[in-house]
Amino acid sequence: MWEKAICPYDCPASCGLLVKVENGKITEVKGDLGHPVSRGIICRKMKGYPASVYHSERILYPMRRTGKKGEGKFCRISWEEAVEEISSRWKDIIEKWGSETILPAVYSGVMSDIQRNCGHAFFNRLGASRIVMTLCSSAKGEGYRQVMGNTPSLSPEELKDSDFCLVWGCHAKATRIHSLIDRVNKKKDKGRTVLIDVYQNDTASYADQVVLIRPGTDGMLALAMMHVLVREHLADEEFLREKAQGFDEFKETLREYTVQKAERITGVRADVIEQLALEYGRAQAPSILLGSGNSRYRNGAMTVRLITLLPAVAGAWKKPGGGLCGCRVTRGGLTDLDQIRRPDFRKKPAKSVNINQLAGALLDEKDPIQSLYVYGLNPVDTVSDQNALRKGLMREDLFTVVHERFLTDTARYADIVLPATFSVEQTDIYRAYGYPSIGFAPKAVEPAGECKSNWNTFCVLAKAMGFEEDFFGWSEEEMARHLLDDPTDQLMRAKKEEREALREGGSLKMPREDHLRIETKSGKILFVNEKEKERMPRYLPVEREEEYPLHLVAVPSEYTLNSEFADREELVKARGPMTLKIHPDDAKPRKITDGQRIFCYNDLARVEFIARLTPGLLPGTVAAEGVYDLAHSLNGQTVNALHHQRLSDCGEATTLNDNRVEICLAREESLQEL
């Protein structure tokens, strides 16, 4: 029997799946041709999903640590024993230290509404500290908001109507395959696609031109392009008078952002910038498919703010297919997340810990965290400052619980490990963050072993902690029905028959938005935003640490996703070993050749890679592709050991692409230099 399901992972489309159920197990997965976004197209990772669900190393029972933290030695215990130990330890911690010394750590291990957000309700009721979930693209969202407010960006299927598209800071083949397909399927007369990125990734094969840029300088490129548009009278003055606020004042600042100055800063030749701007300005419906990579810097929000102004200067929003794609896609929520998160359960303001500074929080001796509960997250492999984080997890006085499916690098530090479900073993609602779509997927099979979903686990823990709210007595199916029976105003825009079909399991796509209805207080696009500390947009340079001459960027792999799928041997093998992409001009003076083992180092760590020489990035830039676990590392560390804990200019986001390093051959005499 084939059942409808939805991909739970951190991709923009929330792809529709069909799973074949035989004798109570998933035996095959294929794309759902009827899904309004993915239309039957799924990645190789999900085609082999049953191999992950029934992997021999999956955690099926609760476990207690028997060895040293990080050693990975555990013994099986019952759920009753696990819950008793967790609840008693927490009650003791609350009595001695206060509830705020308990910290949940969660991110995008599952991207559904109920299972991702239900922990908020539990920890709000507990009075625990709050994790600030800004690991990915909050600077990007903040930069866009400062210009456009709540105005929806383009939905990717609109890109096919654009006659000139800039794929900017986006490895679409790895992270936005359906958006790439929407663009590739453009009408034959709909013009060119240009990739702007810090390295030439596989998306380049779908582009007509590749423009390589120095990391953190994208804002300067946008300013120089706007300089050309104004100089060549390609700015849409009529649109700007009607729809923009502060353009005349902003225009005066563009005088200094010449293409010659931009060449010195960005590394993009002045004639290329000139040509790019003219082609963009002369297009009928130019578009930008914006990734998140160029927002992961100390100037990340400002960079996105400047790029967001570009389509406004050109008046691109007036035409179908014109504008910017890659930010918010609806004006309001398709579900009411507060009904899941229950902020009303919290009795006093919470202490907050930014997820990007988790290492610092665990090592804070003045205000120590006494217990960490990890779910939907593998911070050892994905959060900044890996070595400091591991040091924090080694604390014997830190009581750590990890709810997981495999013994990840983080789970190896746990005192108690709880077995978690896969998406096909739980019920949930999925809102695609890159498309205006929503889906409902009942569980297809019963959980393997003694695995429990996030929802069911928190209900068990709530009972043990003595919580009496009816909310914690609901099933996840009842929670899903409650949300669908009480649709938001935004979801009510869908047709009644579509909402009824959604309730039975499936997905719907919302009607196309009116992008000319600007959702700011003034109803105008904000070239100048008086509410911001930086009221006038400008280029903010990324600071350079002279001691380390190379700029390190972390870029995605199409074979794995974040730290997911490390259990799949065929994907790990296809991805290959940890490599660092290096320009030949940087390799030659260091006597590094292709395929050699090298060290990449800064003040935080020394990480070993295999050198991959390529002209597909500018000199001064090195790129590490993919997230690896420690078992697949070369010297027991991965790229996030080189990432500092500092935050972006706005949005409190990660700056994982904003780190300086040096490289050398991995030989004994080099070790002494470090």
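Now for a look at the structure at hand. (Residues numbered from 1 in each chain as written. Predicted model: local features only at pLDDT ≥ 70, side-chain atom pairs only at ≥ 80, totals over all residues. Heavy atoms only, no water.)

### Some remarks on the overall build of the chain
Part 1: A tally of regular secondary structure across the chain gives 23 helices and 27 strands.
Part 2: Against the compact-globule benchmark of 26 Å for 674 residues, the chain has a radius of gyration of 25 Å, which places it among compact chains.
Part 3: In terms of principal-axis extent, the alpha carbons of the chain reach across some 75 × 70 × 50 Å.
Part 4: Restricting to contacts in the chain with at least 6 residues of sequence separation, those with at least 24 account for 77%.
Part 5: Working note: accessible area of the chain is about 26200 Å², and carbon and sulfur atoms make up 47% of it.
Part 6: Counting 94 positive and 98 negative side-chain charges, the chain places the centres of these two groups 2 Å from one another. (Helix = DSSP H or I, 4+ residues; strand = E, 2+ residues; numbered from the N terminus. Rg over C-alpha atoms; globule rule 2.2 N^0.38 Å. Contact = heavy atoms within 4.5 Å. Areas by Shrake-Rupley, 256 points an atom, 1.4 Å probe, with all protein chains shown as cover. Lys, Arg positive; Asp, Glu negative; His and termini not counted. Charge placed at Lys NZ, Arg CZ, Asp CG, Glu CD.)

### Structural notes on the packing of aromatic side chains
Part 1: Evaluation of the coordinates by the stated rule reveals 25 aromatic pairs.
Part 2: One aromatic cluster is present, built from ring pairs that chain together Trp90, Phe122, Phe123, Phe345, Tyr373, Tyr375, Trp455, Phe458, Phe467, Phe471, Phe472 and Trp474. (Phe/Tyr/Trp six-rings, centres within 6.5 Å; stacked < 30°, edge-to-face > 60°.)

### With respect to the environment of Ala105
Part 1: Take Ala105: it is sitting in strand S6 (residues 102-106).
Part 2: Considered as a pair, Ala105 and Met133 are 28 residues apart in the sequence and their alpha carbons are 8.8 Å apart.
Part 3: For Ala105, the residues in contact, after removing those within four places along its chain, are Leu372, Tyr373, Val374, Tyr375 and Leu377.

### Describing the pairing of strand S16 (residues 399-404)
Part 1: For S16, the buried fraction is high: 6 of the 6 residues fall into the buried class.
Part 2: Because side chains alternate across S16, one face comprises the buried residues Phe399, Val401 and His403, and the other comprises Thr400, Val402 and Glu404, equally buried.
Part 3: Across 5 bridges, strand S15 (residues 371-375) lies against S16 in parallel orientation. Note on S16: the bridge partner recorded for Leu372 is Thr400.
Part 4: Summarising the sheet, S16 and strand S17 (residues 416-419) pair through 4 bridges and their orientation is parallel. In the sheet register, His403 faces S17, and the bridge partner there is Leu418. (Buried < 20%, exposed > 50% of the residue type's maximum accessible area, 1.4 Å probe, protein only. Pairing = 2+ DSSP bridges.)

### Some thoughts on the pairing of strand S25 (residues 606-613)
One face of the sheet, then the other: side chains in a regular strand alternate in exactly this way.
Part 1: By the bridge criterion, 4 bridges tie strand S23 (residues 579-582) to S25 in an arrangement that is parallel. Considered in S25, the bridge of Leu580 is made with Ala611.
Part 2: The pairing of strand S24 (residues 597-601) with S25 spans 5 bridges and is antiparallel. When the bridges of S25 are listed, Phe599 appears paired with Glu608.
Part 3: Linking S24 to S25, which pair antiparallel, is a turn of 4 residues.

### Quick word on the nonpolar core
Part 1: Formed by 81 residues in total, the largest nonpolar core has its most connected members in Leu166, Trp168, Met225, Tyr280 and Phe527.
Part 2: If we skip the residues at most four places from it in the chain, Tyr280 touches Phe164, Leu166, Met225, Leu229, Pro286, Ser287, Ile288, Leu310, Pro311, Ala314 and Ala316. (Core = buried A, V, L, I, M, F, W, Y, C linked by side-chain atoms within 4.5 Å.)

### Considering empty space enclosed by the protein
Part 1: Within this structure, the stated rule accounts for 5 cavities of 30 Å³ or more.
Part 2: Empty space within the largest cavity amounts to approximately 50 Å³.
Part 3: Lining the largest cavity, in full, are Met578, Thr579, Phe609, Ala624, Glu625, Gly626, Tyr628, Thr638 and Val639.
Part 4: Class assignment for the residues of the lining of the largest cavity results in 5 nonpolar, 3 polar and 1 charged. (1 Å grid on protein atoms, 1.4 Å probe; cavity = no way out; pocket = protein on both sides within 12 Å on 5 of 7 lines; lining within 4 Å. Points joined across faces, edges and corners; volume = space filled by probe spheres on them. Nonpolar A, V, L, I, M, F, W, Y, C, P; charged D, E, K, R; others polar.)

### Points about the sheet that holds S24
Part 1: The 6 strands lie next to each other as S22-S26-S23-S25-S24-S27, forming a closed barrel whose pairing is mixed. Across the sheet, the mean angle from the axis of one strand to that of its neighbour is 45°, orientation sign disregarded. (Axes fitted to C-alpha atoms, helices over the stretch in contact; angles between N-to-C directions.)

### Focus on unusual backbone geometry
Part 1: One non-glycine residue, His233, lies in the positive phi region at around 55°.
Part 2: Here His233 lies in the loop between helix H8 (218-231) and helix H9 (237-243).
Part 3: His233 sits in the exposed class, given a relative accessible area of 71%.
Part 4: Positive phi, close to 50°, is recorded for Asn562, a residue that is not glycine.
Part 5: Residue position: Asn562 is located in the loop between strand S22 (550-555) and helix H21 (569-575).
Part 6: With a relative accessible area of 33%, Asn562 lands in the partly exposed category.

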